[in-house]
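So the chains spell out like this:
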Amino acid sequence: PLVSALTMVQERVAREEGCALYNSLSAMGGEGAMQRWACSSPRWAQLDLVHLSLTGYEALGAHIAHSLRAHVGLDDAPPPPLTPPQDPTAIEGEP
């Protein structure tokens, strides 16, 4: 998919340029994350599968901050990927 291809290019360029890269796709749980986030309860992503909800943006922002703190040695380890709460009544394939 396009997002994975874009992420690979970003990673290559970051390596070549010697700069850090925050991989939001990985942090969000990989391929299919937007669908899972849109089906979570409360929703962490909008039904357009492009934008996050306020809750999602807050979670991702906290994850970025924790990752940065770990990168500069202020936290012991980087955080695990984010996992939104799942709605057991959600129908697979329908946000």
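Scroll up a little and you will see the structure.
From a predicted model like this one, the values you see are computed outputs, not experimental measurements.

Undergrad: Lay out the packing of aromatic side chains with the relevant residues and their values.
TA: Tallied over the full model, the rule gives 1 aromatic pair. Consider the rings of Trp 37 and Trp 44, whose centres lie 5.0 Å apart with planes at 85°: the pair is edge-to-face. Trp 37 sits in the buried class, given a relative accessible area of 0%.

Undergrad: Requested: an account of the nonpolar core, with residues and values cited.
TA: Membership of the largest hydrophobic core is limited to 11 residues, which are Met 28, Ala 33, Met 34, Trp 37, Ala 38, Trp 44, Ala 45, Leu 52, Ala 59, Leu 60 and Leu 82. Sorting the residues of this core by element identifies helix H3 (33-38) and helix H4 (54-71) as the ones contributing at least two each. The biggest single contributor to this core is H3, with 4 residues.

Undergrad: I'd love a proper account of H4, names of residues and values included.
TA: Here H4 is 18 residues long and its end C-alpha atoms lie 26 Å apart, about the 26 Å a rise of 1.5 Å per residue gives. Those residues of H4 lying buried are Gly 56, Ala 59, Leu 60, His 63, Ser 67 and Ala 70. Down the axis of H4, the smallest arc covering the buried residues is 95°, so these residues share one side. Residues Leu 54, Glu 58 and Leu 68 are exposed on H4 and point more than 90 degrees away from its buried face. Of the surrounding elements, those touching the buried residues of H4 are helix H2 (24-27) and H3. Positive phi appears at Gly 73, one or two residues downstream of H4, with a value of about 90°.

Undergrad: I'd like a rundown of unusual backbone geometry, residues and numbers included.
TA: The omega torsion of the bond from Ser 41 to Pro 42 falls at 5°, within 30 degrees of zero and hence cis. Its place among the elements puts Pro 42 in the loop between H3 and H4. Backbone geometry places Leu 49, a non-glycine residue, at a positive phi of 60°.

Conventions adopted
Residues numbered from 1 in each chain as written. Predicted model: local features only at pLDDT ≥ 70, side-chain atom pairs only at ≥ 80, totals over all residues. Heavy atoms only, no water. Phe/Tyr/Trp six-rings, centres within 6.5 Å; stacked < 30°, edge-to-face > 60°. Buried < 20%, exposed > 50% of the residue type's maximum accessible area, 1.4 Å probe, protein only. Core = buried A, V, L, I, M, F, W, Y, C linked by side-chain atoms within 4.5 Å. Helix = DSSP H or I, 4+ residues; strand = E, 2+ residues; numbered from the N terminus. Expected span 1.5 Å × (residues − 1). Arc of directions from axis to C-beta. Contact = heavy atoms within 4.5 Å.

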